[in-house]
Amino acid sequence: MSELRILPVEGIPEVHEGDDLAELVVRAVELEDDDVVVLAQKIVSKAEGRVVRLDEVEPSARALELAGDLDPRRVEVILRESVEVVRVRPPLVIAETRHGFICASAGVDSSNAPEQGMLVLLPEDPDASAARIRDGIRDLTGRTVGVLITDSFGRPWRQGTTDVAIGAAGLPVVLDLRGERDRVGYALHATMIAVADEIAGAAELVMGKLDGIPGAVVRGLHLRGDGKARDIAMPAERDLFR
């Protein structure tokens, strides 16, 4: 790799349920083989109808207990999207999603929702979503690309969020260097590079949160593989903090 370029995908209109994201992407940008198309989770969720109206939610007793200053209807949606509540410090709820991701509010968010009083949920299966978009792009253009679906996660022990991959298709998500040797012959024992998350974080630099740019193309990596973002989640038996 001699050069890496990150191109914002501009001109994608407001996305609604049923929209074809592959078609919207290829209308907005000319793709090359081995590009990595990075899409914000919000537009994928909107296209798949993964939104909830708060006025249609009845909070449970557990939601009322945990809510604190939060709207208990929002907490109820978080609980429905969770397999385990990991930590609570009102108004913050850290939960594990059914995908295996541990994140704030189980990925439930009100920012960039279609309208006031609505929440956006994570896609049901972000890896499958990425695969469908990748297949659609190939059908429309003949190009072989990778696709990442990304969301903003906080990090223990460090302030600020960074985008990470929650869905992937057509590329490796982790580069496993265990057993490889460095320049002086030292055998690496634990080095695994979270390449999909690194791509997601780099792409976020041109997407932003307030600029209305829901996608980016990362060019120059030439990575191909069949990794799944679900595989990035730390296995329970290796989790030292729960």
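Refer to the structure printed above.
Owing to the predicted nature of the structure, the values given are computational and were not obtained by experimental measurement.

## Remarks on the sheet that holds strand 8 (residues 146-155)
Strand order in the open sheet made by the five strands is 1-12-2-8-9, with mixed pairing throughout. Sheet topology places strand 1 (5-8) and strand 9 (158-169) at the edges, where each strand pairs with a single neighbour. Looking at each pair of strands side by side, their axes are set apart by 30 degrees on average, direction ignored. Of the strand pairs in this sheet, strand 8 and strand 9 are connected by nine bridges, and their pairing is antiparallel. The residue bridging arginine 155 from the neighbouring strand is arginine 158, located in strand 9. Along the sheet face, helix 5 (residues 126-141) touches strand 2 (36-40), strand 8 and strand 9 and points at about 60 degrees away from the line of strand 9.

## A word on helix 5
At 3.6 residues per turn, the α-helix brings residues three or four places apart onto the same side. Compared with an ideal rise of 1.5 Å per residue, which puts 16 residues at 22 Å, helix 5 spans 22 Å between its outermost C-alpha atoms and is within 8% of the ideal. Of the positions making up helix 5, those classed as buried are Pro126, Asp127, Ser129, Ala130, Ile133, Arg134, Gly136 and Ile137. Residues of helix 5 that are buried sit in contact with helix 1 (21-28), strand 2, helix 2 (41-47), strand 8 and strand 9. Once helix 5 ends, the next one or two residues include glycine 142, with phi positive near 80 degrees.

## Focus: a nonpolar patch on the surface
A surface patch of nonpolar side chains, about 480 Å² in accessible area, is lined by Trp157, Leu240 and Phe241. Structurally, leucine 240 is set in the segment after strand 12 (215-219).

## Here we look at the sheet that holds strand 4 (residues 82-89)
Strand order across the open sheet formed by three strands is 4-5-6, with antiparallel pairing between neighbours. Taken across any chain shown, the strands that pair with only one partner, and hence form the sheet edges, are strand 4 and strand 6 (102-104). Between one strand axis and the next, the sheet turns by 25 degrees as a mean value, whatever way the strands run. Note that strand 5 (residues 92-97) and strand 6 share three bridges and pair antiparallel. Opposite alanine 95, over in strand 6, you have cysteine 103 as the bridge partner.

## Some points on the nonpolar core
Leu21, Val25, Val37, Ile133 and Ile137 are the most contacted members of the largest nonpolar core, which has 29 residues in total. Contributing elements (two or more residues each) for this core: helix 1, strand 2, helix 2, helix 5, strand 8 and strand 9. Apart from the residues within four sequence positions on either side, isoleucine 133 is in contact with Leu21, Ala22, Leu39, Val44 and Val147. Counting residues in hydrophobic clusters, the runner-up holds 18 residues, among them Val36, Ala165, Ala168 and Ala229.

## Focus on the packing of aromatic side chains
Taken as a whole and assessed by the stated rule, the structure comprises one aromatic pair. Aromatic side chains phenylalanine 101 and phenylalanine 153 sit 6.3 Å apart centroid to centroid with 75 degrees between the ring planes, which places their arrangement in the edge-to-face category. In this pair, phenylalanine 101 sits in the loop between strand 5 and strand 6 while phenylalanine 153 sits in strand 8, placing the two residues 52 residues apart along the sequence. Assigned by exposure class, phenylalanine 101 and phenylalanine 153 land together as buried.

## Some remarks on the pairing of strand 2
With respect to burial, strand 2 is a largely interior element, five of its five residues being buried. Bridge count for strand 2 against strand 8 is five bridges, and the pairing is parallel. Looking across to strand 8, one finds that valine 37 is bridged to valine 147. Of the strand pairs in this sheet, strand 2 and strand 12 are connected by four bridges, and their pairing is antiparallel. If you follow leucine 39 over to strand 12, its bridge partner there is glycine 215.

## Quick notes on the environment of aspartate 69
Mapped onto the fold, aspartate 69 is located in the loop between helix 3 (61-66) and helix 4 (72-80). Placed 153 residues apart in sequence, aspartate 69 and histidine 222 show a C-alpha to C-alpha distance of 48 Å.

## Looking at the side chain of aspartate 163
Residue placement: aspartate 163 occurs in strand 9. Assessed through its relative accessible area of 4%, aspartate 163 is described here as buried. When sequence neighbours within four positions are dropped, the list of residues in contact with aspartate 163 reads Thr150, Asp151, Ser152, Asp197, Ala200, Gly201, Glu204 and Lys209.

## Description of the packing of helix 1 against helix 5
The contact between helix 1 and helix 5 brings their axes to 8 Å, and the two run at 50 degrees. Considering the angle they form, helix 1 stands oblique to helix 5. In the packing of helix 1 onto helix 5, the handedness of the crossing is right-handed. Residues Leu21, Ala22, Glu23, Val25 and Val26 of helix 1 form the contact with helix 5, whose own contacting residues are Ile133, Gly136, Ile137, Leu140 and Thr141. Its residues assigned to classes, the contact of helix 1 with helix 5 comprises seven nonpolar, two polar and one charged.

Calculation notes
Residues numbered from 1 in each chain as written. Predicted model: local features only at pLDDT ≥ 70, side-chain atom pairs only at ≥ 80, totals over all residues. Heavy atoms only, no water. Pairing = 2+ DSSP bridges. Helix = DSSP H or I, 4+ residues; strand = E, 2+ residues; numbered from the N terminus. Axes fitted to C-alpha atoms, helices over the stretch in contact; angles between N-to-C directions. Contact = heavy atoms within 4.5 Å. Expected span 1.5 Å × (residues − 1). Buried < 20%, exposed > 50% of the residue type's maximum accessible area, 1.4 Å probe, protein only. Patch = residues over 30% accessible without salt bridge, like charges linked within 9 Å, V, L, I, M, F, W, Y side chains within 5 Å. Areas by Shrake-Rupley, 256 points an atom, 1.4 Å probe, with all protein chains shown as cover. Salt bridge = Lys/Arg side-chain N within 4 Å of Asp/Glu carboxyl O. Core = buried A, V, L, I, M, F, W, Y, C linked by side-chain atoms within 4.5 Å. Phe/Tyr/Trp six-rings, centres within 6.5 Å; stacked < 30°, edge-to-face > 60°. Parallel < 35°, antiparallel > 145°, perpendicular 65-115°, else oblique. Left-handed = near helix turned anticlockwise from the far one by under 90°. Nonpolar A, V, L, I, M, F, W, Y, C, P; charged D, E, K, R; others polar.

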